[in-house]
Amino acid sequence: MLVRGSAATRHGQAGGFEEWGALKPTTPFGQIPILQVGDTVAAQSGAIDHYAAKLAGLQPQDPLQALLVDQTYYFVTSDIHTALISPTAKLAGEEQLKARQALSAPGGPLKSKLAQLEKLVAGRSGKFIVGEQLSLADLSVFNFLGMLKSGFWAGIPADVASDFPALKVFRNQIASLPEIAAYYAAATDELRVKGYRPDEA
């Protein structure tokens, strides 16, 4: 969504071995996702997200506010996703399900991180996580909560964040913003329908 409407093209998934075989040598590090802007090709998800956020006006100019945006972004992407959830992708079948159930059990690591995120969101002084303007911090939290609510990760209950009222209110707040609501209203895939639309009244 960050690169929607820009002149940039993001490639996040190779279509097949033949297509990836042709694409791989053109990438900076032999991996995806990549972002192509004109003749320039860049890699690394975080770098792409921050570039797109700057284009979209979602990264504050003030260095201190930008720091606070980044702390939230990296808490979600590094401390939660990369450290806790990504390792389970290497597992299969029952082993994967048990690992993810352990993460999301009461007192488990994922519940602990959600409690920290709840504290951050509940304690914000402005309309959004950093002040009065929507930023990459808000979208990173919204995206993560949307993935949870959609049931994207088998073994992690879709209602794992239901014990955190501030997170529920926040997800609905972001999902109800006109541009975001319109974007996901047009979606037809199950993940976006379940996880990224406002809760029904």
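This structure is a prediction, so every number in the text was calculated from the model and none was measured.

## Focus on the overall build of the chain
Scanning the chain for helices and strands turns up nine helices and three strands. Sequence-ordered secondary structure for the chain, helices as α and strands as β, is β-α-β-β-α-α-α-α-α-α-α-α. The C-alpha atoms of the chain give 18 Å as radius of gyration, which agrees with the globular expectation for 201 residues (17 Å, within 12%). Considered along the principal axes of its C-alpha atoms, the chain spans approximately 45 × 45 × 35 Å. Residues counted as buried form 36% of the 201 residues belonging to the chain. A separation threshold of at least 6 residues defines the contact pool for the chain, and within that pool the share at least 24 residues apart is 60%. For the chain, the accessible area works out to roughly 11300 Å², and carbon and sulfur atoms hold 56% of it. In the chain, the 18 positive side-chain charges and the 19 negative ones have mean positions that sit 3 Å from each other.

## A closer look at the pairing of strand 3 (residues 40-43)
Inspection of the sheet shows strand 2 (residues 34-37) paired to strand 3 by four bridges, in the antiparallel sense. Bridge pairing links Ile34 to Ala43 in strand 3. Between strand 2 and strand 3, which pair antiparallel and follow one another directly, the connecting turn spans two residues, one of which, Gly38, has a positive phi of 65°.

## A few points about the environment of Ile180
Summarising the element assignment, Ile180 is placed in helix 8 (residues 178-185). Here Ile180 falls in the buried class, since its relative accessible area comes to 4%. Once the C-alpha coordinates of Ile180 and Ala66 are considered, the two residues, 114 residues apart in sequence, prove to be 22 Å apart.

## So, unusual backbone geometry
The linkage connecting Ile32 with the following residue, Pro33, adopts the cis geometry, with an omega of 10°. Inspection of the secondary structure puts Pro33 in the loop between helix 1 (17-23) and strand 2. Unlike most non-glycine residues, Gln44 shows phi in positive territory, near 80°. Relative to the helices and strands, Gln44 resides in the loop between strand 3 and helix 2 (45-55). Of the residues examined, Gln44 reaches a relative accessible area of 40% and is grouped as partly exposed.

## A closer look at helix 6 (residues 136-150)
Between its first and last C-alpha, helix 6 extends 21 Å over 15 residues, near the 21 Å set by a 1.5 Å rise per residue. The buried fraction of helix 6 amounts to 13 of the 15 residues, a majority that puts the element mostly inside the structure. Of the residues one or two after helix 6, Gly151 is the one with positive phi, at around 75°.

## Thoughts on the nonpolar core
With 40 residues, the main nonpolar core has Leu110, Leu114, Phe144, Leu145, Leu148 and Ile174 as its most contacted residues. Among the elements of the structure, helix 3 (63-85), helix 5 (109-122), helix 6, helix 7 (165-175) and helix 8 are those that each provide at least two residues to this core. It is helix 6 that contributes the most residues to this core, nine residues altogether. Ignoring any residue separated from it by four or fewer positions in sequence, one finds Ile174 in contact with Phe128, Leu134, Asp138, Leu139, Phe142 and Ile180.

## A few points about the confidence of the model for the chain
On average, residues of the chain carry a pLDDT of 90, and 91% of them reach 70 or more. Across the chain, element-level confidence peaks in helix 5 with a mean pLDDT of 98 and bottoms out in strand 1 (residues 8-11) with 49.

## As for the packing of helix 3 against helix 5
With their axes 11 Å apart at the nearest point, helix 3 and helix 5 run at an angle of 170° to one another. Relative to helix 5, helix 3 is oriented roughly antiparallel. For the pair helix 3 and helix 5, contact is made by Gln71, Thr72, Phe75, Val76, Asp79, Ile80 and Leu84 and by Pro109, Leu110, Lys113, Gln116, Leu117 and Leu120, respectively. When its residues are assigned to classes, the contact of helix 3 with helix 5 shows eight nonpolar, three polar and two charged.

The rules behind the values
Residues numbered from 1 in each chain as written. Predicted model: local features only at pLDDT ≥ 70, side-chain atom pairs only at ≥ 80, totals over all residues. Heavy atoms only, no water. Helix = DSSP H or I, 4+ residues; strand = E, 2+ residues; numbered from the N terminus. Rg over C-alpha atoms; globule rule 2.2 N^0.38 Å. Buried < 20%, exposed > 50% of the residue type's maximum accessible area, 1.4 Å probe, protein only. Contact = heavy atoms within 4.5 Å. Areas by Shrake-Rupley, 256 points an atom, 1.4 Å probe, with all protein chains shown as cover. Lys, Arg positive; Asp, Glu negative; His and termini not counted. Charge placed at Lys NZ, Arg CZ, Asp CG, Glu CD. Pairing = 2+ DSSP bridges. Expected span 1.5 Å × (residues − 1). Core = buried A, V, L, I, M, F, W, Y, C linked by side-chain atoms within 4.5 Å. pLDDT = per-residue confidence, 0-100. Axes fitted to C-alpha atoms, helices over the stretch in contact; angles between N-to-C directions. Parallel < 35°, antiparallel > 145°, perpendicular 65-115°, else oblique. Nonpolar A, V, L, I, M, F, W, Y, C, P; charged D, E, K, R; others polar.

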